[in-house]
Amino acid sequence: MSDDEPAMEAYRYPDGSITYPGHPVGPGGEEPVGTVDLSDYTATVLTWTKSTATPPGVRQPNTLAIVEFDVEGEPVRAVGQVTGEDEVDIGDEVRPVYCEELREPGAGIREPASQEWDGYRFEPL
C-alpha cells in the first residue's frame, strides 16, 4: 500500500474480535480499541459469484467474492469485487488491491460528489 491509499480498516474490540467494516459497538457490546489494516494481509476465497446484470456504472460481468482473512488467529470476513476478468475458485488466496473507482461515478442517479467511489478489490495470487 502506498501512502496516498487509504487503509482497508477493520476494528478490533476488547474481546479480541475484529470486524470489517468497523462498527461503533462490537459483537461483545464494547467500543473498538484499535484498528487493523487488512491490506497488509492475504485472504482465502470462501465463495464467489459472477453478476452479469450489474447496477449502472458497475463493470459487466462483475465477479464478487466473500473472503476470510486470518488476523492473528481471528477470522475476519469481507465481500468485494475480484480484479479484472480474473477467475477465482473456493480456497484461492487473494490480496486486497486499492481501486480509485469501483464504479463509474457519473452513471448512477446520485450526484458523484455525494459518495465515495473508491475501495478495495481482491486480486488472486
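Note that this is a predicted model, so its numbers are computed, not measured.

(A) Region of the structure containing the sheet that holds strand β2 (residues 18-19). Spatially, three strands are ordered β2-β1-β3 in an open sheet, and the strand pairing comes out antiparallel. Each edge of the open sheet carries a strand with a single partner, namely β2 and β3 (34-37). Here strand β1 (residues 9-12) pairs with β2 via two bridges, running antiparallel. Paired with Y11 across the bridge in β2 is T19.

(B) Region of interest: the packing of aromatic side chains. Tallied over the full model, the rule gives two aromatic pairs. Ring geometry for Y98 and Y120: centres 5.6 Å apart, planes at 70°, overall edge-to-face. Separated by 22 residues along the polypeptide, Y98 in strand β7 (residues 93-99) and Y120 in strand β8 (residues 119-124) bring together distant segments of the chain.

(C) Quick look at the nonpolar core. M8, L38, V67, F69, V71 and F122 are the most contacted members of the largest nonpolar core, which has 18 residues in total. Where this core is concerned, the elements lending two or more residues are β4 (43-51), β5 (62-71), β6 (74-81) and β8. A per-element tally of this core places β5 first, with four residues. If we ignore the near neighbours within four places in the chain, the residues touching M8 are Y20, V36, D37, L38, S39, F69, A78, P96, Y120 and F122.

(D) Seen up close, the sheet that holds β6. In spatial order, the strands read β6-β5-β4-β7-β8; together these five strands make up an open sheet with antiparallel pairing. Single-partner strands in this sheet number two, and they are β6 and β8. With direction set aside, neighbouring strand axes in the sheet form an average angle of 35°. When β4 meets β7, the two strands line up antiparallel, connected through two bridges. Across the sheet, T44 pairs through a bridge with E93, a residue of β7.

(E) Main features of the layout of surface pockets. Space inside the largest pocket adds up to approximately 320 Å³. Around the largest pocket, the lining comprises 16 residues; the ones closest to its centre are Y20, L102, D118, G119 and Y120. Those elements giving two or more residues to the lining of the largest pocket turn out to be β6 and β8. The class makeup of the residues in the lining of the largest pocket is 10 nonpolar, three polar and three charged.

(F) A look at the pattern of salt bridges. Taken as a whole, this structure holds four salt bridges when the rule is applied. A salt bridge links R12 to E72; the nearest nitrogen and oxygen atoms lie 3.6 Å apart. Taken together, the residues R12 in strand β1 and E72 in the loop between β5 and β6 connect sequence positions 60 residues apart. A relative accessible area of 25% places R12 in the partly exposed class. With a shortest N-O distance of 2.6 Å, E123 and R95 are connected by a salt bridge.

Calculation criteria
- Residues numbered from 1 in each chain as written.
- Predicted model: local features only at pLDDT ≥ 70, side-chain atom pairs only at ≥ 80, totals over all residues.
- Heavy atoms only, no water.
- Pairing = 2+ DSSP bridges.
- Helix = DSSP H or I, 4+ residues; strand = E, 2+ residues; numbered from the N terminus.
- Phe/Tyr/Trp six-rings, centres within 6.5 Å; stacked < 30°, edge-to-face > 60°.
- Core = buried A, V, L, I, M, F, W, Y, C linked by side-chain atoms within 4.5 Å.
- Buried < 20%, exposed > 50% of the residue type's maximum accessible area, 1.4 Å probe, protein only.
- Contact = heavy atoms within 4.5 Å.
- Axes fitted to C-alpha atoms, helices over the stretch in contact; angles between N-to-C directions.
- 1 Å grid on protein atoms, 1.4 Å probe; cavity = no way out; pocket = protein on both sides within 12 Å on 5 of 7 lines; lining within 4 Å.
- Points joined across faces, edges and corners; volume = space filled by probe spheres on them.
- Nonpolar A, V, L, I, M, F, W, Y, C, P; charged D, E, K, R; others polar.
- Salt bridge = Lys/Arg side-chain N within 4 Å of Asp/Glu carboxyl O.

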